[in-house]
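Letter by letter, the chains look like this.
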Amino acid sequence: MNPRSKRKFTPQFKLKVVLEVLKEKETLTTISKRYELHPNQIREWKKQFLESAASVFGNPAKPLKQEADAETAQLCEQIGRLQMELVFFKKS
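Residues numbered from 1 in each chain as written. Predicted model: local features only at pLDDT ≥ 70, side-chain atom pairs only at ≥ 80, totals over all residues. Heavy atoms only, no water.

1. Quick word on the pattern of salt bridges
Point 1. Inspection of the entire model under this criterion finds three salt bridges.
Point 2. One salt bridge in this structure joins Glu20 and Arg34, with 2.1 Å as the shortest N-O distance. Placement of Glu20 in helix α1 (residues 11-23) and of Arg34 in helix α2 (residues 28-35) is noted, with a sequence separation of 14 residues between them.
Point 3. Here Glu20 falls in the buried class, since its relative accessible area comes to 19%.
Point 4. Classification of Arg34 as partly exposed rests on a relative accessible area of 40%.
Point 5. The partner of Arg34 in a salt bridge is Glu26, and the shortest N-O contact between them spans 2.3 Å.
Point 6. On the accessibility criterion, Glu26 (35% relative accessible area) is partly exposed.
Point 7. Through salt bridges with shared partners, a single ionic network connects Glu20, Glu26 and Arg34. (Salt bridge = Lys/Arg side-chain N within 4 Å of Asp/Glu carboxyl O. Helix = DSSP H or I, 4+ residues; strand = E, 2+ residues; numbered from the N terminus. Buried < 20%, exposed > 50% of the residue type's maximum accessible area, 1.4 Å probe, protein only.)

In structure tokens:
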């Protein structure tokens, strides 16, 4: 027996397959045979795609706010260090 090695698929390939399934021009079975995939695998990719699709239209300010908060914390830390250095040099 020749064991089949685990195949890895790119996100672009998965997207191509899922979009083809969503168009509903062909059956899931036909698509799975064409790409040599199990129908359950395609269903799982479709489920993941639909679950994460809502995040595309979500609030884009959240990631930007997180980046701004991280940058603010870093700048506050730098200000604190500079103030401590200033006090130290004033004393000496």
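Picking up where we left off.
2. Section: unusual backbone geometry
Point 1. For Glu24, which is not glycine, the phi dihedral falls at a positive 60°.
Point 2. Secondary-structure assignment places Glu24 in the loop between α1 and α2.
Point 3. In this structure, Glu36 is a non-glycine residue whose phi angle is positive, near 55°.

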